[in-house]
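One letter stands for each residue in the lines below.
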Amino acid sequence: MTENEIEKKNPGLKKDEKDEKAKSALRRRLTSGTGEERPFWKFNVVDDGLPSVMFLGDKTASNSEHISELFSMKFSSVFTDESLTIAEISTATEHVPFLGHSLNNHTIDEVMVTSAAAKLKLSRSVGPDGIAPVFLKKCIHAIAAPMSHLFSLAVNSDIFPSTWKSAYMFPMHKKGNGQNVDNYR
């Protein structure tokens, strides 16, 4: 039910009442006669699954930004930034056979793009590029040609958009107290 439809049926409603009416109408449309939620609703409810209050050592956080900072401190403390010299890389790779393969002059065709899109899981959320997997999967036949051209250009020119180099990371709880950041990987 749109906001205009709600206004026509219920003149004089306050904004929060209109919002609640719209949410109720949407829930009714998304549930079957048995009251069971349809898969669309289940997969699109966003819940990061993290407790509302978390701690790391003696530091405590109770909002998303501060919780993210705790995870950043935790993971940066166990990350090592090892820079190798060209000589070290050469030594490590001197016995690796070169098979003559190169990404230059490599074509990514529409069949490859369509095949990759077919493997996407519709239940996944959007990534940093803002493109939903459901969009790619449902529209792939219309966009496969330009996407294959774009991917081929990127591979052959060795220039990749910065968005392709970004990812969302989600901490996974291992065991123990779920509020303790040390119990995540």
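The structure presented is a predicted model; accordingly, all values stated were derived computationally and were not measured. (Residues numbered from 1 in each chain as written. Predicted model: local features only at pLDDT ≥ 70, side-chain atom pairs only at ≥ 80, totals over all residues. Heavy atoms only, no water.)

1. Side note on the overall build of the protein
When you go through the protein residue by residue, the secondary structure sums to seven helices and two strands. Counting all 185 residues of the protein, 15% fall into the buried class. Intrachain contacts of the protein at a sequence separation of at least 6 include 43% that bridge at least 24 residues. Total accessible area on the protein is roughly 14600 Å²; 57% of this is exposed by carbon and sulfur atoms. (Helix = DSSP H or I, 4+ residues; strand = E, 2+ residues; numbered from the N terminus. Buried < 20%, exposed > 50% of the residue type's maximum accessible area, 1.4 Å probe, protein only. Contact = heavy atoms within 4.5 Å. Areas by Shrake-Rupley, 256 points an atom, 1.4 Å probe, with all protein chains shown as cover.)

2. Let's talk about the packing of aromatic side chains
A full pass over the atoms with the stated rule returns four aromatic pairs. Ring pairing ties together the aromatic residues Phe71, Phe75 and Tyr184, which thus form one cluster. (Phe/Tyr/Trp six-rings, centres within 6.5 Å; stacked < 30°, edge-to-face > 60°.)

3. Re the nonpolar core
Of all hydrophobic cores here, the largest spans nine residues; its members are Ile108, Val113, Ala117, Leu136, Ile140, Ile143, Ala144, Met147 and Val155. At the level of elements, helix H6 (110-118) and helix H7 (133-157) are the ones that each hand at least two residues to this core. Looking at which element gives the most residues to this core, the answer is H7, with six residues. Residues contacting Leu136, with those up to four places away along its chain left out, are Ala117, Leu120, Ile131, Ile143 and Met147. (Core = buried A, V, L, I, M, F, W, Y, C linked by side-chain atoms within 4.5 Å.)

4. Structural notes on the packing of H6 against H7
Axis separation between H6 and H7 bottoms out at 8 Å; the angle between their running directions is 140°. By the criterion of interaxial angle, the relationship of H6 to H7 is oblique. Crossing hand, H6 versus H7: right-handed. Contacts between H6 and H7 involve Glu110, Val113, Thr114, Ala117 and Ala118 from the former and Leu136, Lys137, Ile140, His141, Ala144, Ala145, Met147, Ser148 and Phe151 from the latter. Residue composition of the contact of H6 with H7, by class: nine nonpolar, three polar and two charged. (Axes fitted to C-alpha atoms, helices over the stretch in contact; angles between N-to-C directions. Parallel < 35°, antiparallel > 145°, perpendicular 65-115°, else oblique. Left-handed = near helix turned anticlockwise from the far one by under 90°. Nonpolar A, V, L, I, M, F, W, Y, C, P; charged D, E, K, R; others polar.)

5. Some details on the confidence of the model for the protein
For the protein, mean pLDDT is 77; residues scoring 70 or higher make up 70% of the total. For the protein, per-element mean pLDDT is lowest for helix H3 (residues 39-44), which scores 36, and highest for H6, which scores 95. Confidence drops under pLDDT 50 across residues 30-47; counting only partners more than four residues distant or on other chains, this segment forms 13 contacts. (pLDDT = per-residue confidence, 0-100.)

6. Remarks on the layout of surface pockets
The volume enclosed by the second largest pocket comes to roughly 530 Å³. If you trace the second largest pocket, you find 19 residues lining it, with Asp129, Ile131, Leu136, Met147 and Phe151 closest to the centre. Taken together, the elements giving at least two residues each to the lining of the second largest pocket come down to H6 and H7. The element that contributes the greatest number of residues to the lining of the second largest pocket is H7, accounting for six residues. When grouped by side-chain class, the residues that make up the lining of the second largest pocket number 13 nonpolar, three polar and three charged. (1 Å grid on protein atoms, 1.4 Å probe; cavity = no way out; pocket = protein on both sides within 12 Å on 5 of 7 lines; lining within 4 Å. Points joined across faces, edges and corners; volume = space filled by probe spheres on them.)

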